[in-house]
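Single-letter residue listing:
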Amino acid sequence: MSVTARTQLLLFLISLSSRVGLGRYIEDDEASDGIFSLLTLDQKREAEDFLFRRPLRCLDMLATEGSFTFVASQPQLSCAAFVIAEPSEVLSLELSDVSIDCSAGDFIKMFDGWILKGEKFPSIQDHHLALHQRYTDYCSATAPGSTCRSSQNIAMIFFRIHRPDAGFTLAVKKLHNPFPCNIMSQSPEGSFTMVMPHQRRNCSFSIIYPVEIRLTELSLGQARSNELSPPRQVWSGCSGSGDYVELLGGNGVDTSKMFPVADFCFSVSGLAQMKIGCDNSVVRLVSSGNYINRVSFQYRLLEHSELPKTRENSLDNFCTVE
Ligand SMILES: *[C@@H]1O[C@H](CO)[C@@H](O)[C@H](O)[C@H]1NC(C)=O
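Residues numbered from 1 in each chain as written. Predicted model: local features only at pLDDT ≥ 70, side-chain atom pairs only at ≥ 80, totals over all residues.

- In the nomenclature of an unreviewed UniProt entry, the protein is known as Corticotropin-releasing factor-binding protein of Mastacembelus armatus.
- In UniProt, the protein has this text filed under Function (unreviewed entry): "Binds CRF and inactivates it. May prevent inappropriate pituitary-adrenal stimulation in pregnancy."
- Quoted straight from UniProt, the Subcellular location (unreviewed entry) entry for the protein says "Secreted". (UniProt positions renumbered as here; feature names shortened; annotations may be inferred.)

Written out as structure tokens, the structure is:
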């Protein structure tokens, strides 16, 4: 992803974060269902109108629940909205009031993940669904669909509409996800713990900023953590091991195309701290399914002065700052 694309995403997120207050209010309102049930029907209808509503732009970023309506003002041939929730949430997207002309070449497609510059997150390798199952196509002749449930905290919708005044409404809801696997961070700083309990599955935590990542805890299976092996293999290949954590850096979102910065296949605590001077930094947990694996980490945005001066793409470690 180019710096400008990332700056755009960041600007969108900043402009949306000011609305988080309203989002919280709506959530709290829904949570107090006890009081809600005492309201009259009219009062309930009024309360439902509190649902956050705003127009959808041709290029947009949605980080709140709500109802977003797109109306074409002119032919709009290449539009996309990126939707993101908290790490422990998944998204439900639902189309309504659709007035497009599929036979004239209009379309609305939803995708379970993000596609940025032709690259997908989660990568094809790390997603449990086949690629074609991750698309929901409103105009499909064989399997048209107007709802999409994401597998992780991101999803997107892209659309093409020729006729002015045609459009649709997109409802975004967030649902709790007890076992988050692939995650896109909304923020350039924070902390997270990824847990993979006895499943043969690989999970990536992606931060689309240059960051410093500090692994604070790593536990790869009971058996191994009791072995007092010297951590001599820490910097050599862990790929022979079925369970490991790797740090990746790169300028796109597809983890299978990113550069390995470091890998760790021993359980230790107080581990390591790495600066990754790329547009995208990833913590990837590879699990064989034999163990309960757990990795905890913290991350913060690199200062401008910490970024690499030159980027030599031919070098494997071009993202590494130190
Ligand atoms: C997890 O990743 C490793 C290394 O990239 C790969 O060998 C393995 O097949 C992957 N497992 C699954 C379930 O995709």
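Moving on from the model shown.
### Let's talk about the sheet that holds strand E11 (residues 154-161)
Next, step 1: One open sheet accounts for 5 strands, arranged E2-E4-E11-E6-E9; its pairing is mixed. The sheet is open, and its two edges are formed by strand E2 (59-62) and strand E9 (135-137), each paired on a single side. Ignoring which end each strand starts from, the neighbouring axes of this sheet average 15° apart.
Next, step 2: Relative to E9, strand E6 (residues 107-111) runs antiparallel, the two being bridged by 3 bridges. Bridged to Phe-111 within E9 is Tyr-135. (Pairing = 2+ DSSP bridges. Helix = DSSP H or I, 4+ residues; strand = E, 2+ residues; numbered from the N terminus. Axes fitted to C-alpha atoms, helices over the stretch in contact; angles between N-to-C directions.)

### Description of the nonpolar core
Next, step 1: With 71 residues, the main nonpolar core has Val-83, Leu-93, Ala-155 and Ile-213 as its most contacted residues.
Next, step 2: Per-element accounting of this core gives the leading share, 6 residues, to E11.
Next, step 3: The residues that make up this core include at least three from each of domain 1 (3-176) and domain 2 (185-306).
Next, step 4: In this structure, Ala-155 is in contact with Val-83, Leu-91, Leu-93, Met-110, Phe-111, Asp-112, Gly-113, Cys-148 and Ser-150, ignoring residues within four places of it in sequence. (Core = buried A, V, L, I, M, F, W, Y, C linked by C-beta atoms within 7 Å. Buried ≥ 20, exposed ≤ 12 C-beta atoms within 10 Å, placed from the backbone. Domains from an automatic or database assignment. Contact = placed C-beta atoms within 7 Å.)

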